[in-house]
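Breakdown of the fold
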Amino acid sequence: EFLENAKRIGKEALKCLPELKTPDGQAIPMTLIRTDIGCSDTPVYDKDTHWDPTKRTFFLNEIEYGGTTYFIRHLKFDSIPMWAKLYAEKALEIRDKMVENSGQPGAKRAKTASGALKKPAAASARSSGSVVMKPAGAAMKRPAKA
C-alpha cells in the first residue's frame, strides 16, 4: 500500500514540474528528481487540512532535484558511484542533444537568434587565466619548462 501510493503521488508531482530545456531551447528529459512522500494515520491539526483521521492519508512532502545524502549514509552499500554514473550519463545526454541539434559536430556553445549566449561569470574567470580548465576529451599537458 505504501509503495503504490508513493509511486502514484510521485508521478503526479513530476507532471507539475516545468519542461527542461537546453540553452538552445531543445526539450530534455527530466534530470534526477526525488519525491518525498509522507503518510498520516492520526489527526492533523491544521486549519486548512480536512483529512479523515480514521484513514491513512498519503501526501507529497517535498520534491528534491537530486539525491539526498541524508538517506545515503544509512544504506548498506556505497551508492555514490551509482549517483556519479547517473549524473555523468545525464550530462552527456544533454550535451549530445545540443550537439545533435546544432548541426555542428563537437559544437561547444548554443546560438540564439541574436548571436552567441553570454558566458556565465565562472566562464569569464576561466578565460581570464585565473582558473585552468581541461577541455572535454583533451589530455592535460605539463607546462613547458622555462
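Note that the coordinates shown come from a computational prediction; the quantities given were computed from them, not determined experimentally.

**Focus: the environment of Thr54**
Inspection of the secondary structure puts Thr54 in the loop between β3 (34-40) and β4 (57-64). With 11 residues separating them in the primary sequence, Thr54 and Pro43 have C-alpha atoms 7.9 Å apart. Here Asp52 takes part through its side chain, which lies 2.6 Å from a polar atom of the side chain of Thr54.

**Considerations on the pairing of β3**
Of the two faces of β3, the one holding Arg34, Asp36, Gly38 and Ser40 is buried and the one holding Thr35, Ile37 and Cys39 is not buried anywhere. Where β3 and β4 come together, seven bridges link them in antiparallel fashion. Paired with Asp36 across the bridge in β4 is Glu62.

**Quick look at the pattern of salt bridges**
Under the criterion given, the structure shown has nine salt bridges. Ionic pairing is found between Glu1 and Arg56, a salt bridge with its closest N-O pair at 2.5 Å. Taken together, the residues Glu1 in the segment before α1 (2-15) and Arg56 in the loop between β3 and β4 connect sequence positions 55 residues apart. Residue classification places Glu1 among the exposed residues on the basis of a relative accessible area of 53%. According to the relative accessible area criterion, Arg56 is partly exposed, its value standing at 43%. Between Arg34 and Glu64 there is a salt bridge, with the nearest N and O atoms lying 2.8 Å from each other.

**Section: the confidence of the model for the chain**
In this model, the chain carries an average pLDDT of 74, and 66% of its residues clear a pLDDT of 70 or more. Averaged pLDDT values for the elements of the chain fall to 47 in helix α4 (residues 121-127) and rise to 91 in α1. In this model residues 122-140 is a low-confidence stretch, pLDDT under 50, and it forms nine contacts with partners more than four residues away in sequence or in other chains.

**Here's the deal with the packing of aromatic side chains**
Counting across every chain of the model gives three aromatic pairs. Plain terms: the ring middles of Phe2 and Phe58 are 5.4 Å apart, the flat faces sit at 75 degrees to each other, and that makes the pair edge-to-face. Pair noted here: Phe2 is in helix α1 and Phe58 is in strand β4, with a separation of 56 residues, a long-range link. The class of Phe2 is partly exposed, set by a relative accessible area of 42%.

**A short note on the environment of Glu89**
Within the element layout of this structure, Glu89 appears in helix α3 (residues 80-102). Only 2.6 Å separates the side chain of Glu89 from the side chain of Lys85, close enough to count as a polar contact.

**A short note on the environment of Asp41**
Locating Asp41 in the fold gives a position in the loop between β3 and β4. When the C-alpha atoms of Asp41 and Phe58 are compared, they prove to be 8.8 Å apart, with 17 residues separating the residues in sequence. What Asp41 contacts, discounting residues up to four positions off in sequence, is Pro53, Lys55 and Arg56.

What counts and how
- Residues numbered from 1 in each chain as written.
- Predicted model: local features only at pLDDT ≥ 70, side-chain atom pairs only at ≥ 80, totals over all residues.
- Heavy atoms only, no water.
- Helix = DSSP H or I, 4+ residues; strand = E, 2+ residues; numbered from the N terminus.
- Polar contact = N/O pair within 3.5 Å; in protein donor to acceptor, adjacent residues only side chain to side chain.
- Buried < 20%, exposed > 50% of the residue type's maximum accessible area, 1.4 Å probe, protein only.
- Pairing = 2+ DSSP bridges.
- Salt bridge = Lys/Arg side-chain N within 4 Å of Asp/Glu carboxyl O.
- pLDDT = per-residue confidence, 0-100.
- Contact = heavy atoms within 4.5 Å.
- Phe/Tyr/Trp six-rings, centres within 6.5 Å; stacked < 30°, edge-to-face > 60°.

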